[in-house]
Amino acid sequence: MPLPALFNFRLTMGEQQLLRIQNALLKFRDTSPHEYSIAIRQYLVVPEDPELQAIQVLYYWHKNWPQRQNIRFFLYPFVRKRLEASVLLKPAIEAAPDSIICTMALEAIQDFEAILDFRRQYIAHKKEQRRLLKNSREMYYTVLSIRNGERCAKCRSKKRKLVLDHILPISRGGLTEILNLQLLCEKCNGKKRDNVNLVDN
Ligand SMILES: [Zn+2]
């Protein structure tokens, strides 16, 4: 089954940028350890200097690099707040004199914008697919039990209570439609793991 378009989501910043950013942050720390530590500790306190703002953005990007494949991480409200705080710094950083730090920060912000956009689409997708299931639960149940019999699609048991299950989970882009639904007993449904990871990158 092809992955839904929603999940064709790629970040533009890669390993190479990570190294460049690490070097830039190290260099900045050497020249101004105090300001660097302010930037990284008080992320939500916006400094006046656009270059320090850029450092904050890069620090945040750098810090969360290992999380870049994890959808759940990006769904946390505190992550959204910080991504939005970074995006708000964009005009000031754009207006600053050209510097490597600022250019890299703008690239990072581009990624943050992509993540925020993905996040919005992802939440809307989940909401809509759950709504569809809620509205037509009985219809899907009836159609599936006529098609496959009123039994678990995995263990074939007829004894336990059956629930509707998305073959490709909603959280991985699955849709509420008959081809993506099956009846599972509560036991088999409980065993099914709902892994959520960005597929790519
Ligand atoms: Zn079963």
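Right, let's walk through the structure included here. (Residues numbered from 1 in each chain as written. Predicted model: local features only at pLDDT ≥ 70, side-chain atom pairs only at ≥ 80, totals over all residues.)

1. Thoughts on the overall build of the protein
Going by this rule: Numbering goes from the N terminus for both helices and strands, where a helix is a DSSP run of H or I of at least four residues and a strand is a run of E of at least two. Partly exposed residues are those falling between the two cut-offs: more than 12 but fewer than 20 other C-beta atoms within 10 Å of their own, whereas 20 or more means buried and 12 or fewer means exposed, with C-beta atoms placed from the backbone. Any pair of residues counts as being in contact when their C-beta atoms, constructed from backbone geometry, are within 7 Å of one another.
For the protein, the count of helices and strands is 8 helices and 2 strands. Order of helices (α) and strands (β) in the protein, N terminus to C terminus: α-α-α-α-α-α-α-β-β-α. Looking at the 201 residues of the protein, the share that counts as buried comes to 21%. In the protein, of all internal contacts separated by at least 6 residues, the share reaching a separation of at least 24 is 72%.

2. Remarks on the pairing of strand β2 (residues 181-185)
Worth spelling out the cut-off: Here, strands pair whenever DSSP counts at least two bridges between them.
Across the 5 residues of β2, 5 count as buried, placing the element largely inside the fold. Going residue by residue along β2, you find L181, L183 and C185 tucked away on one face and Q182 and L184 tucked away on the opposite face as well. With 5 bridges joining them, strand β1 (residues 162-166) and β2 adopt antiparallel strand pairing. Across the sheet, L164 pairs through a bridge with L183, a residue of β2.

3. Topic: helix α3 (residues 50-63)
For clarity, the threshold we go by: Given a helix with a known number of residues, its expected span is that number minus one, times 1.5 Å.
In this model α3 runs 20 Å from its N-terminal to its C-terminal C-alpha over 14 residues, within 8% of the 20 Å that 1.5 Å per residue would give. For α3, the buried fraction is high: 10 of the 14 residues fall into the buried class. What α3 keeps buried is the set P50, Q53, A54, I55, Q56, V57, L58, Y59, Y60 and W61.

4. Some points on the packing of α3 against helix α7 (residues 100-148)
Defined as follows: To define axes, lines are fitted to C-alpha atoms, for helices over the stretch in contact only, and angles between the resulting N-to-C directions are given on a 0 to 180 degree scale. If an angle is under 35 degrees, it is roughly parallel; if it is over 145, roughly antiparallel; if it lies from 65 to 115, roughly perpendicular; otherwise it is oblique. A crossing counts as left-handed when the near helix is turned anticlockwise from the far one by less than a right angle, and as right-handed when that turn is clockwise. In the scheme used here, Gly and all other residues not listed as nonpolar or charged are polar, with Ala, Val, Leu, Ile, Met, Phe, Trp, Tyr, Cys and Pro taken as nonpolar and Asp, Glu, Lys and Arg as charged.
At a minimum axis distance of 8 Å, the contact between α3 and α7 shows a crossing angle of 45 degrees. One finds that α3 runs oblique with respect to α7. Where α3 crosses over α7, the two elements pack in a sense that is left-handed. Within the contact between the two elements, α3 uses P50, E51, A54, I55, V57, L58 and W61 and α7 uses I101, C102, M104, A105, A108 and I109. The residue makeup of the contact of α3 with α7, split by class, is 12 nonpolar, no polar and 1 charged.

5. A few points about the nonpolar core
Our working rule: The term nonpolar core refers to a set of buried Ala, Val, Leu, Ile, Met, Phe, Trp, Tyr and Cys residues connected through C-beta atoms within 7 Å.
In this structure, A54, V57, L58, W61, I101, A105 and A108 are the most contacted members of the largest nonpolar core, which totals 23 residues. For this core, the elements supplying multiple residues, two or more each, are α3, α4 (71-75) and α7. Here the element with the most residues in this core is α7; it accounts for 8 residues. Excluding residues within four positions of it along the chain, A108 makes contact with M13, V57, L58 and W61.

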